[in-house]
Amino acid sequence: MLDVLKRIIQSVNSARNLSAALEIIVEGVISEISADVCSVYVFDDTRNEFVFMATRGLNPESVGQVRLAPNEGLVGYVRERAEPINLDNAPAHPRYHFIPEIGEEAFKSFLGVPIIQNRRVLGVLVVQQIEARRFDESEEALLITLSAQLAGVMVHAHVTSVLEVEASAQQFSGTAGAPGIAIGTAVVRESLSLLDTVPDRHVKNVEGEVAEFRRAVQAAQIEIRTLADQLRDHLGPEEQGLFDVYLHMLDEQALAGEVIALIREGQWAQGALRTVIGNHVATFAAMSDRIIRERADDVKALGQRVLAQLRNETGGEREYPENAVLVADEITPDMLGEVPRHLLAGIVSLRGSSNSHVAILTEAMGVPSVMGTENLPLEVLEGKAVVVDGFNGIVITDPTEDQRRVYERIQKEEEQLAEGLSELKSEPPETLDGHLIRLSVNTGLTTDVTTSLDRGAEGVGLYRTEFQFMMKDRFPTEEEQYGIYREHLSAFAPNPVTMRTLDIGGDKSLTYFPIEETNPFLGWRGIRVSLDHPELFLSQVRAMIRACENTDACLRIMLPMVSSVAEVDEAQRLISQCYQELIEEGIEVEMPDIGVMIEVPAAVYQARAIVSRVDFLSVGSNDLTQYMLAVDRNNAQVAPLYQEYHPAVLHALKQVVDAAHAEGKPVSLCGEMAGNPASAVLLMAMGYDELSMNSPNLLQVKAAIRQIAIPQAMEILDEVLRMDNAYLIRNHVDERLRDLGLARVLRRQGDGFAG
Ligand code: PEP
Ligand code: MG
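Just so it is clear, the model here is predicted, and its values are computed rather than measured.

## Considerations on the environment of Asn392
No. 1: Inspection of the secondary structure puts Asn392 in the loop between strand S13 (385–389) and strand S14 (394–397).
No. 2: Note: C-alpha distance between Asn392 and Gly346 (46 residues apart in sequence) is 14 Å.
No. 3: Here Asp389 takes part through its side chain, which lies 3.0 Å from a polar atom of the side chain of Asn392.

In structure tokens:
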């Protein structure tokens with residue numbers, strides 16, 4: 001059964017649109033199950049009805065014509081119950097609804113299986129038979145397994161085809177990355193390794209494109225020959241022959257010829273290559289012979305090889321439109337630098353979630369972003385008008401005039417709010433009754449310095465040193481780090497700059513230091529890497545401390561991902577060693593304050609023991625939330641479960657403050673919660689001494705703090721600490737703050753076209 005499933009799913013994956021995908025499904029099912037009919041009804045969200053979309057055995061002319069109300073007939077019944085319905089005498093069932101056009105009167109048995117993704121019924125897969133019988137368990141199991149596998153593919157295929165056919169406004173949900181609205185033009189950044197995500201693009205200079213393609217093919221052929229030569233001593237003549245087959249496949253009588261024909265129709269070489277390779281892969285994948293099927297992989301590999309060549313030769317400077325919205329399967333930090341900042345309006349990443357590091361980077365840059373829009377059809381997006389709603393995590397393609405107007409209005413209101421807030425720049429972050437809290441910024445990029453100073457930041461609560469490491473193709477030397485750190489420290493002097501030691505692992509990797517793990521977030525991360533590589537740690541700490549020499553800079557060093565006191569002791573021993581060395585070298589510096597990040601539940605329970613050893617604590621609520629709730633901060637599938645207002649998280653946050661204060665030490669919080677005005681008020685009420693956030697949020701948080709008195713904030717905190725449901729807590733906090741007149745400075749949610 002696994003073999004059958006794999007084959008059907010492979011073919012469906014390479015289908016270009018919904019109809020092709022569904023054809024493969026019905027064909028595949030009917031050849032495996034002894035049934036007279038297999039059909040698929042797709043649920044059309046926009047019209048709230050089922051569409052009869054594919055069939056074997058019923059009237060093919062009704063495809064696309066027959067529509068059913070959401071609860072109509074047995075198909076509607078399957079949707080309603082969200083489970084399979086298996087009947088041996090369907091016409092006798094009270095929910096049976098006879099549709100003359102599709103010609104199903106002769107069929108007695110009926111098995112309908114819902115196709116579900118994220119709790120939504122996307123469609124119903126139906127098999128029917130003339131003979132009255134119940135479909136057996138194994139048949140039902142096959143359909144259920146197939147439906148579960150197909151759901152993801154179907155969402156994607158569905159929207160792709162709808163966009164192609166109707167080119168009308170479509171709305172896609174993801175999670176909010178960075179707040180703000182962008183209205184602009186989609187620029188699709190192709191994932192380097194995925195031929196499937198190459199977008200359609202039209203070329204005017206057809207002959208130039210053909211020449212480019214021929215050159216790429218020749219280069220790929222040379223590569224293959226070289227490969228064959230290198231393997232000559234290791235392969236028998238039969239295997240060697242395989243390389244000749246590859247070379248022939250790339251001939252103009254074969255694949256290359258087909259690609260050239262498509263280029264001559266106006267498609268660019270990469271798009272034409274994608275189509276031709278996709279078609280061949282689908283044909284091979286649908287074959288029942290295993291050996292032939294495996295050829296599908298060979299064809300794919302050939303396509304990738306030519307694509308890589310095309311990219312090398314066509315990868316010159318790209319032009320970007322004004323208000324470019326960068327869209328990619330997975331946005332990486334280096335991509336963010338590709339589009340000139342003044343042209344970059346928004347960012348959409350099909351993967352990732354609101355607390356992915358890329359989302360945080362986009363927020364630091366002040367660029368609205370939406371993450372985890374897994375269904376967005378990359379291949380047809382290039383050049384389309386899009387709206388990025390970074391407040392609600394929504395992307396709209398081809399917005400209607402009405403939608404445009406609404407979002408333009410929100411944009412304008414945001415601009416006005418920002419203008420109004422700029423007056424607060426030199427005002428203190430002080431509550432109505434005179435309680436002061438320190439508001440700092442999170443930095444990592446050089447550009448952060450200017451934007452932070454612009455907003456009157458009081459210092460840096462988290463400097464993510466790894467971003468500098470990510471921009472290089474090797475570890476930076478001590479001297480290079482020294483230069484960067486010194487600049488950063490001087491820019492904020494005499495205010496404190498809290499430098500976090502290298503925090504790689506998890507979702508932050510260095511190309512030149514790959515960490516391969518099945519479970520990276522539970523693996524070699526942060527301080528664990530530093531302690532295992534003292535040479536890296538020592539040179540980083542030396543660079544940090546040296547960078548203060550002869551300045552009035554105030555350095556604080558902070559250790560990420562600590563889960564035991566032993567790690568703190570060892571790190572402190574190394575830092576003291578560095579300091580002693582520097583003193584012996586005659587460098588005049590002071591020992592910086594050392595702090596620990598509380599990011600894992602173990603550290604919450606040991607907060608007191610930890611803080612007694614160091615000078616301060618800082619809570620990394622992004623990681624703490626993910627580890628407390630066992631919800632991957634990058635995984636869009638579980639994004640709704642990632643709740644910073646979860647009672648367990650709130651109680652843990654309170655416990656950390658109490659532990660630090662019991663030892664008479666200050667405590668800050670530098671996760672994303674600090675930058676959200678509503679949660680910032682709660683954190684202040686808990687007693688946090690400092691909140692550190694991305695600079696674009698600073699003035700909004702300050703505005704909230706300046707409009708509330710401590711007893712009011714503590715009352716709200718008191719109420720929520722007695723509540724047990726994250727959704728209710730969030731609504732409660734919002735409602736209470738609105739009642740206190742803070743509506744204008746709260747983060748927008750539910751505006752625009754969010755459902
Ligand atoms: C955190 O985990 O909250 C944090 C501030 O660190 P990072 O987001 O860089 O993991
Ligand atoms: Mg962290």
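Further notes follow.
## A look at the site of ligand 1
No. 1: Taken together, 16 residues lie near ligand 1, and Arg464, Arg500, Gly620, Asn622 and Arg633 sit nearest.
No. 2: A distance of 3.4 Å is found between an oxygen atom of ligand 1 and a backbone nitrogen or oxygen belonging to Gly620.
No. 3: Side-chain polar atom of Arg633 to an oxygen atom of ligand 1: 2.8 Å apart, as the coordinates give it.
No. 4: Cavity membership is defined here by more than half of the atoms lying within 2 Å of grid points; on that basis ligand 1 lies in the second largest cavity.
No. 5: Counting only elements with at least two residues in the shell around ligand 1, the list comes to helix H11 (357–365), strand S16 (460–464) and helix H21 (621–629).
No. 6: With three residues, the top contributor of residues to the shell around ligand 1 is H21.

## Quick notes on the coordination of the magnesium ion (ligand 2)
Each donor-metal-donor angle would ideally measure 109.5 degrees in four-coordinate tetrahedral geometry, or 90 or 180 degrees in six-coordinate octahedral geometry.
No. 1: Listed as protein donors to the magnesium ion (ligand 2) are Glu599 (OE) and Asp623 (OD); their distances from the metal cover 2.0 Å. Of the two residues, Glu599 sits in the loop between strand S19 (593–598) and helix H19 (601–605) while Asp623 sits in helix H21, which places them 24 residues apart along the sequence. Take Glu599 and Asp623: they sit in the same class, and that class is buried.

## A few points about the pattern of salt bridges
When their charged atoms lie close together, side chains carrying opposite charge are able to pair.
No. 1: Across all of its chains, the model carries 40 salt bridges by this definition.
No. 2: Put simply, Glu382 and Arg201 hold a salt bridge, and the shortest N to O gap is 3.5 Å. One end of the pair, Glu382, is in the loop between strand S12 (369–371) and S13; the other, Arg201, is in the loop between strand S9 (181–189) and helix H5 (206–231), with 181 residues separating them in the sequence.
No. 3: For Glu382, a relative accessible area of 24% puts it in the partly exposed group.
No. 4: Within this structure, Glu466, Arg500, Asp503, Lys508, Arg525, Asp623 and Arg633 form a network of salt bridges that share partners.

Rules used in this analysis
Residues numbered from 1 in each chain as written. Chains lettered and ligands numbered in written order. Predicted model: local features only at pLDDT ≥ 70, side-chain atom pairs only at ≥ 80, totals over all residues. Heavy atoms only, no water. Helix = DSSP H or I, 4+ residues; strand = E, 2+ residues; numbered from the N terminus. Polar contact = N/O pair within 3.5 Å; in protein donor to acceptor, adjacent residues only side chain to side chain. Near = heavy atom within 4 Å. 1 Å grid on protein atoms, 1.4 Å probe; cavity = no way out; pocket = protein on both sides within 12 Å on 5 of 7 lines; lining within 4 Å. Sits in = over half its atoms within 2 Å of the grid points. Donors = N, O, S within 2.8 Å, 3.2 Å for Na, K, Ca; no water. Buried < 20%, exposed > 50% of the residue type's maximum accessible area, 1.4 Å probe, protein only. Salt bridge = Lys/Arg side-chain N within 4 Å of Asp/Glu carboxyl O.

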